[in-house]
Amino acid sequence: MAVKRSLVPQSVYRRQLATRLKELRDATGLTLTEVAEQLEVNQGSLSRIENGERGTTPVLVRALLDLYDVEDEALRADVLDLVRADKEQQKPWWRKYSTVLTATRYDGYLALEAGATYLANYQPMLVPGLLQTEDYARAVISQMRMELPPQQVESLVKVRLERQNSRLGGEQPAKLWAILDEAVLRRSVGSAEVMREQMRKLVEASKQPNITVQLLPFSLGAHPGLYGPFVILAFPDPTPNLVWLENPKNSVYLESAEDVENYTEIFDQLRACALGPSETRTRITQISKELEA
């Protein structure tokens, strides 16, 4: 399985811009070397722009469009809109938390999540961040990042809560489909009250039209998700989907069509194995009541 470890594209707009510029250049038959020579710009910079690794300016893009003989005003406007949108997304709400985000490349994930319209999240160990309560998030972060002082833990808790408001609220919320292993609910995080509150939130969130929650019961035994957690992010066309795998220091993303298709198939298998949304709410409520005994 190919794992890409380079810096993630900083926004969905940059990914779209990269694809569009490469398509336009390919249509002319020009090579990157020829474009660089004619415009007197660095070839490496052009390559990084086409790979989505760096942004660019309206001035350079206009020069590229002229060189590629793009005369359609609507097409030119669309491409330049992508440049401006990418620049705007370089001022994200999470920048003020950069000190605690950069170490795990979490800021890269946030940039991708901000542009996603649909997220398929499988979690065998913890409640997904987008569905965590404040107290549950605090308990998870403080125990998983024991090197962090309390102030930085609180910053990450705020990031998690702002993520929820940003992606699952508003006029155009993203769609979230979360599949949890029963171990997520059986693992005591924080206190019994923290777990009860978290389960109440899961039940209530799952009633929202843009959120689906399913549970994989222990009785199922082994299943295709035992390899570990993952998130599939879907974006507006023509941006391709990708898979995000989180690790302590070097979280990575998979963007090849083969990798995305493989994880999509696994997620579909898990959906088929899991309890339905209504049954899931019933089971979560039952487990929560057991904590009261």
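Please read these numbers as outputs of a predicted model, since none were measured by experiment.

Moving on, we come to the overall build of the chain. Secondary structure summary: the chain contains 13 helices and six strands in total. Sorting the 293 residues of the chain into buried and exposed places 49% on the buried side. Here the analysis covers contacts within the chain between residues at least 6 apart in sequence; of these, 74% occur between residues at least 24 apart. As displayed, the chain offers around 14800 Å² of accessible surface, 50% of which is attributable to carbon and sulfur atoms.

Turning our attention to the packing of aromatic side chains. Scanning the entire structure with this criterion turns up three aromatic pairs. Seen in terms of ring centroids, Y122 and F230 are 5.8 Å apart; in terms of plane orientation they differ by 45 degrees. Their pairing is tilted. Of the two residues, Y122 is situated in strand β1 (residues 118-123) and F230 in strand β4 (residues 230-234); the sequence distance between them amounts to 108 residues. Looking at Y122, the relative accessible area reads 0%, which means it is buried. Classification of F230 as buried rests on a relative accessible area of 3%. Aromatic pair F230 and Y263: ring centres 4.9 Å apart, planes at 65 degrees, arrangement edge-to-face. Of this pair, F230 sits in strand β4 while Y263 sits in helix α12 (residues 257-273), and the two are 33 residues apart along the sequence.

Okay, the confidence of the model for the chain next. Mean pLDDT over the chain: 86, with 88% of residues reaching 70 or higher. When the criterion is pLDDT under 50, residues 1-9 qualifies, and its contacts beyond four places in sequence or with other chains add up to 28 contacts.

With mixed pairing, six strands are arranged side by side in an open sheet as β3-β2-β1-β4-β5-β6. Each edge of the open sheet is held by one strand with a lone partner, namely β3 (211-216) and β6 (252-254). Averaged over all pairs of adjacent strands, the angle between strand axes in this sheet comes to 15 degrees, irrespective of strand direction. Strand direction decides the pairing type here: β4 and strand β5 (residues 242-245), joined by three bridges, are antiparallel. Across the sheet, V231 pairs through a bridge with W244, a residue of β5.

Our next topic: the nonpolar core. One finds L119, L131, Y136, L185 and L233 to be the most contacted residues of the largest nonpolar core, which totals 40 residues. When residues of this core are assigned to their parent elements, the largest contribution, six residues, is made by helix α11 (residues 192-205). Counting 20 residues, the second-largest nonpolar core is a separate cluster that includes L17, L32, V35 and A36.

So, about unusual backbone geometry. The phi dihedral of E40 is positive, around 55 degrees, even though this residue is not glycine. Within the secondary structure, E40 sits in the loop between α2 (32-39) and α3 (43-50). Positive phi, normally seen in glycine, also occurs at D69, with a value near 55 degrees. Tracing the chain through its elements places D69 in the loop between α4 (58-67) and α5 (73-88).

For strand β2 (residues 175-181), the tally of buried residues reaches five of seven residues, placing the bulk of the element in the interior. The sheet contact formed by β1 and β2 spans six bridges and is parallel. Bridging from a neighbouring strand, A120 pairs with W177 of β2. Where β2 and β3 come together, six bridges link them in parallel fashion. Across the sheet, L180 pairs through a bridge with L215, a residue of β3.

The next point concerns the pattern of salt bridges. If you walk through the whole model with that rule in mind, you get 17 salt bridges. One salt bridge in this structure joins E147 and R145, with 2.8 Å as the shortest N-O distance. Relative accessible area serves as the criterion here: at 51%, E147 is assigned to the exposed category. Exposure remark for R145: the relative accessible area of 17% places this residue in the buried category. We note a salt bridge from E290 to R186, for which the minimum N-O separation is 2.6 Å.

Procedures and definitions
The residue numbering used here restarts from 1 in each chain and proceeds along that chain's sequence as written. At least 70 in pLDDT is required for a residue's local features to be given in this predicted model, at least 80 for side-chain atom pairs to be given and counted, and no such filter applies to totals for whole chains, interfaces and linings, which use all residues. The basis for every side-chain value is the complete set of non-hydrogen atoms in the structure, without hydrogens or water. By definition, any uninterrupted DSSP run of H or I lasting at least four residues is a helix, any uninterrupted run of E lasting at least two residues is a strand, and each is numbered from the N terminus. Each residue is assigned to one of three classes by its accessible area relative to the maximum for its type, calculated with a 1.4 Å probe on protein chains only: buried under 20%, partly exposed between the two thresholds, exposed over 50%. By definition in these notes, contact holds between two residues if any of their heavy atoms fall within 4.5 Å. Method for areas: the Shrake-Rupley scheme with a 1.4 Å probe, in which residue coverage is limited to the protein chains shown. Between the rings of Phe, Tyr and Trp (Trp by its six-membered ring), a pair exists once the centres lie within 6.5 Å; its type follows the angle of the planes, with under 30 degrees stacked, over 60 edge-to-face, and the other angles tilted. By definition, pLDDT measures how confident the predictor is in each residue, and it falls between 0 and 100. Here a strand pair is declared whenever DSSP counts at least two bridges between the two strands. Only the stretch in contact is used when a helix axis is fitted, and all axes are lines through C-alpha atoms; the angle between N-to-C directions ranges over 0 to 180 degrees. Buried residues of nine kinds, namely Ala, Val, Leu, Ile, Met, Phe, Trp, Tyr and Cys, make up a nonpolar core once their side-chain atoms join them within 4.5 Å. Salt bridges are defined by distance alone: a side-chain nitrogen of Lys or Arg within 4 Å of a carboxyl oxygen of Asp or Glu.

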